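Secondary and tertiary structure notes
One letter stands for each residue in the lines below.
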Amino acid sequence: MGLLCGVTWAGGGNRSDLERPRSRHVTTTGCPVCHQRGGRVVDVDITMTGGCLGCHSDVTTIPIRVDHDNQLDHHTGGVHTTAMVKIPGGPFIMGYDHRHPDEKPSHTISIPAFFIDRYEVTNEQYKQFIGDTHRRPPDDWINGDYPLENNKHPVAFVSWYDAHDYCSWAGKRLPTEEEWEKAARGTDGRLYPWGNEFDPKKANMPQSHSTGTTPVGSFPQGRSPYGLYDMAGNVWEWTESWATPYPGSPIPTAHYFTGEYKVLKGGSWVDCSFYRCGISALTFNRGYFKPQTKNQGFGFRCAKNAEHP
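Criteria and cut-off values
- Residues numbered from 1 in each chain as written.
- Predicted model: local features only at pLDDT ≥ 70, side-chain atom pairs only at ≥ 80, totals over all residues.
- Heavy atoms only, no water.
- Core = buried A, V, L, I, M, F, W, Y, C linked by side-chain atoms within 4.5 Å.
- Buried < 20%, exposed > 50% of the residue type's maximum accessible area, 1.4 Å probe, protein only.
- Helix = DSSP H or I, 4+ residues; strand = E, 2+ residues; numbered from the N terminus.
- Contact = heavy atoms within 4.5 Å.
- Salt bridge = Lys/Arg side-chain N within 4 Å of Asp/Glu carboxyl O.
- Arc of directions from axis to C-beta.
- Pairing = 2+ DSSP bridges.
- Axes fitted to C-alpha atoms, helices over the stretch in contact; angles between N-to-C directions.
- Phe/Tyr/Trp six-rings, centres within 6.5 Å; stacked < 30°, edge-to-face > 60°.
- Lys NZ or Arg CZ within 6 Å of the ring centre and 35° of its normal.

1. Describing the nonpolar core
Counting residues in each nonpolar core, the largest one holds 20 residues, and the members touching the most others are Tyr126, Val155, Tyr166, Leu174, Trp238 and Phe300. Mapped onto this core, the elements with two or more residues apiece are α2 (123–133), α3 (160–169) and β15 (236–242). For this core, the leading source of residues is α3, giving four residues. When neighbours within four sequence positions are excluded, Tyr166 is seen to be in contact with Val121, Gln125, Tyr126, Phe129, Phe300 and Cys302. Core analysis: the next-biggest nonpolar cluster, separate from the first, contains 15 residues, Phe92, Ile111, Phe114 and Tyr226 among them.

Printed below as a string of structure tokens:
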């Protein structure tokens, strides 16, 4: 059950939990993550607080009922983490029977509940990691830094090792391939995070005539069933999983199933080299690369076990 924020509107008086406020300044008593400073409740202007938008996703239609059982936004080791979304446990459809053989067969599996980042890890966040660990910055940064206007773009030119170590530093881990696909696809077997119809306006991909990464969250209409952004396009995302054939695979001895390749999911803004400009935004697509590989289209997001938030 979600926690209902206690809200007193700036206009005075208590209002229904689903009514719009008279002012965008609210005083809350039930949401200490965002609304407490030094042990006291404070006003928060949600139009200025990025963390609020993880729950109150649209300031023009502000849903005050916030499901805190389905969200995680806190501090880990002094480092502010982005909002996470809880993906419920249970079965879902993985794979697909009508495209590439490595995606076959379509099958139903069940996995435990888990948390996953709502957004891809950004340059801004990765810079904190570099500052703490003195790790080498990504190859596309100039003189050890990224252009200021790219602070909210997903970090790229990161290897699997970079992604794995960042998630560990943040108190998290990389998602498995199964977790990633469920978070992107939901339980209805959809082809894209937003549904079954291809739409180049709902993700940053080659068919969108993209020229580079875009700030995370730039395509709200392309969100997954669980409210995750950029699960199609922008950057491919490393997973924890080694590439293995699905049970009943028609190509169980393919060269990328030899234990040398990690799985990436989601496609990117530049996929012509891998998909020959075909559609990579599909929820079930699978990319395979050796873990030391890094390029302009590889990034990641983190996950976390549900029993250890």
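2. Observations regarding the pattern of salt bridges
Pairs can form between side chains of opposite charge once their charged atoms are near each other. Counted according to the given criterion, the structure contains 16 salt bridges. Note that Asp188 and Arg190 form a salt bridge whose closest N and O atoms lie 2.9 Å from each other. Across the pair Lys290 and Glu260 runs a salt bridge, and its minimum N-O distance is 3.9 Å. Note that Lys290 is positioned in the loop between β17 (287–289) and β18 (298–299) and Glu260 in the loop between β15 and β16 (262–265), a separation of 30 residues in sequence. Judged by its relative accessible area of 39%, Glu260 falls in the partly exposed class. Through salt bridges that share partners, Glu177, Glu181, Arg185, Lys265 and Arg286 make up one connected network.

3. Observations concerning α3
If you check which residues of α3 are buried, you get Trp160, Asp162, Ala163, Tyr166 and Cys167. Buried residues along α3 cover an arc of 160° about the axis, so they all sit on one side. Turning to α3, the residues buried within the fold contact α2, β15 and β16. The positive-phi residue at the C-terminal boundary of α3 is Gly171, with phi of around 80°.

4. So, the sheet that holds β17
Taken in spatial order, the four strands of this open sheet run β17-β16-β15-β18, and their pairing is mixed. The two strands at the open ends of the sheet, each matched to only one other strand, are β17 and β18. Sheet analysis places β16 next to β17, joined by three bridges and oriented antiparallel. Directly across from Lys262, in β17, lies its bridge partner Phe289. Strand contacts of α3: β15 and β16, with the helix running at about 85° to β15, the strand carrying the most contacts. Strands in contact with helix α4 (residues 177–185) are β15 and β16; relative to β15, the strand with the most contacts, it is inclined by about 140°.

5. Points about the packing of aromatic side chains
Evaluation of the coordinates by the stated rule reveals 19 aromatic pairs. Ring centres 5.5 Å apart and planes at 75° place the aromatic pair Phe129 and Tyr166 in the edge-to-face group. Residue Phe129 is located in helix α2, and its partner Tyr166 is located in helix α3; the two are separated by 37 residues in the primary sequence. Among the residues examined, Tyr166 registers a relative accessible area of 6% and is labelled buried. The rings of Tyr126, Phe129, Trp141, Tyr146, Tyr166, Trp169 and Phe300 are connected pair by pair, giving a single aromatic cluster. Here Arg286 stacks its cationic end above the ring of Tyr246, 4.0 Å away from the centre of that ring.

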